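Listed below, chain by chain, are the residues.
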Amino acid sequence: MKKLKALFLFLSAVFIMAACSGGDKVSDYEKIHSRLSAMTAYRAVCRVTYCKSKTENTYVINQTAESGGKYKIEAVEPKDLEGTSILFDGNLIWLYNSSIDSKLQVASGENDRKKEIILFTFLKNETTSGAEAAVSASSSKGEKYVVLEASIPGGDSNYSKEALYVDIKTGNPSRLVIYDGDGEEYITEEFTEFEYNPEISESEFKIASEIIKGQDGK
């Protein structure tokens, strides 16, 4: 009888610890999701790697974005692309080539795949993923993460699903991975520096009038 009672107490303790552990995970998720939901803007330095057919191309970029959809991506490395940037002003996408000091209108932002590396796009996709959205826990080199997963709309073979790794300690994004239709990593984006809700001037998302006039030949 004593042995059965001891076994019962032991199992009860195990279940209680498991329940507490599950509660911590939910709490971590809620805190992180609340922080991301309250994000209105960010600046980041990112290392982005595109992998296709066993070939990898890596870029270092500065990224500035706000929750209304505007963003700016500026290349830092490789050196031959330094200063080249892509900007979405809320209506149109512009490509700026620093070597010739000109901006070219590329397209509207409606079917823009470049924005998939922007955090606000991930958050939108996670919201619209519904039952396909998922959350899990991960750890690497002593760091613990909450992993948010989402489906990418559009049916593109290169952009199928994505996962955002958020550092539990800092609450900041650490890595965004975009998977292709075969479940292989197509884009890996590492956030080496991250600034949450900085003050951003609207001028950062505007096109210099003198450059636009230059394109028209005026």
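Residues numbered from 1 in each chain as written. Predicted model: local features only at pLDDT ≥ 70, side-chain atom pairs only at ≥ 80, totals over all residues. Heavy atoms only, no water.

Overview of the overall build of the protein chain
Helices and strands together make up the secondary structure of the protein chain, namely three helices and eleven strands. Helices (α) and strands (β) of the protein chain occur, in sequence order from the N terminus, as α-β-β-β-β-β-β-α-β-β-β-β-β-α. Here the protein chain holds 218 residues, and the buried ones make up 35% of them. Counting only contacts in the protein chain whose residues sit at least 6 apart along the sequence, the fraction spanning at least 24 positions is 44%. Counting every atom, the protein chain has about 13,200 Å² of accessible surface; 52% of that belongs to carbon and sulfur. (Helix = DSSP H or I, 4+ residues; strand = E, 2+ residues; numbered from the N terminus. Buried < 20%, exposed > 50% of the residue type's maximum accessible area, 1.4 Å probe, protein only. Contact = heavy atoms within 4.5 Å. Areas by Shrake-Rupley, 256 points an atom, 1.4 Å probe, with all protein chains shown as cover.)

Some thoughts on the pairing of strand E4 (residues 85–88)
Regular strands show a simple pattern: their side chains alternate between the two faces of the sheet. Neither face of E4 is open: one carries Ser85 and Leu87, the other Ile86 and Phe88, and all of them are buried. Of the strand pairs in this sheet, strand E3 (residues 71–77) and E4 are connected by four bridges, and their pairing is antiparallel. Residue pairing across strands places Glu74 opposite Ser85, the latter belonging to E4. Bridge count for E4 against strand E5 (residues 92–97) is four bridges, and the pairing is antiparallel. Paired with Phe88 across the bridge in E5 is Ile93. (Pairing = 2+ DSSP bridges.)

A word on the confidence of the model for the protein chain
Looking at the protein chain as a whole, the pLDDT averages 80, with 75% of positions reaching at least 70. pLDDT under 50 marks residues 209–218. Its contacts with residues more than four places away, or in other chains, come to eleven contacts. (pLDDT = per-residue confidence, 0-100.)

Some details on the environment of Pro78
For Pro78, the location among the structural elements is in the loop between E3 and E4. Residue classification places Pro78 among the partly exposed positions, given a relative accessible area of 33%. The residues contacting Pro78, other than those within four sequence positions of it, are Thr58 and Tyr59.

Points about the pairing of E3
Judged from the six bridges that link them, strand E2 (residues 55–66) and E3 form a sheet pairing that is antiparallel. Paired with Thr64 across the bridge in E3 is Lys72. Linking two consecutive strands that pair antiparallel, namely E2 and E3, is a turn of four residues; a positive phi of about 115° is found at Gly69 within it.

Focus on the nonpolar core
With 33 residues, the main nonpolar core has Leu36, Met39, Tyr42 and Tyr71 as its most contacted residues. Leu36 has contacts with Leu123, Leu148, Leu164, Val166 and Pro173, leaving out every residue within four places of it along the chain. Formed by five residues, the second largest nonpolar core is a distinct cluster that contains Tyr145, Val147, Ala163 and Val177. (Core = buried A, V, L, I, M, F, W, Y, C linked by side-chain atoms within 4.5 Å.)

Let's talk about the side chain of Gln63
When you line up the elements, Gln63 lands in strand E2. Of the polar contacts made by the side chain of Gln63, one reaches the backbone oxygen of Ile117; its length is 3.5 Å. When neighbours within four sequence positions are excluded, Gln63 is seen to be in contact with Tyr42, Arg43, Ala44, Cys46, Lys72, Ile73, Ile117, Ile118, Leu119, Glu189 and Phe191. (Polar contact = N/O pair within 3.5 Å; in protein donor to acceptor, adjacent residues only side chain to side chain.)

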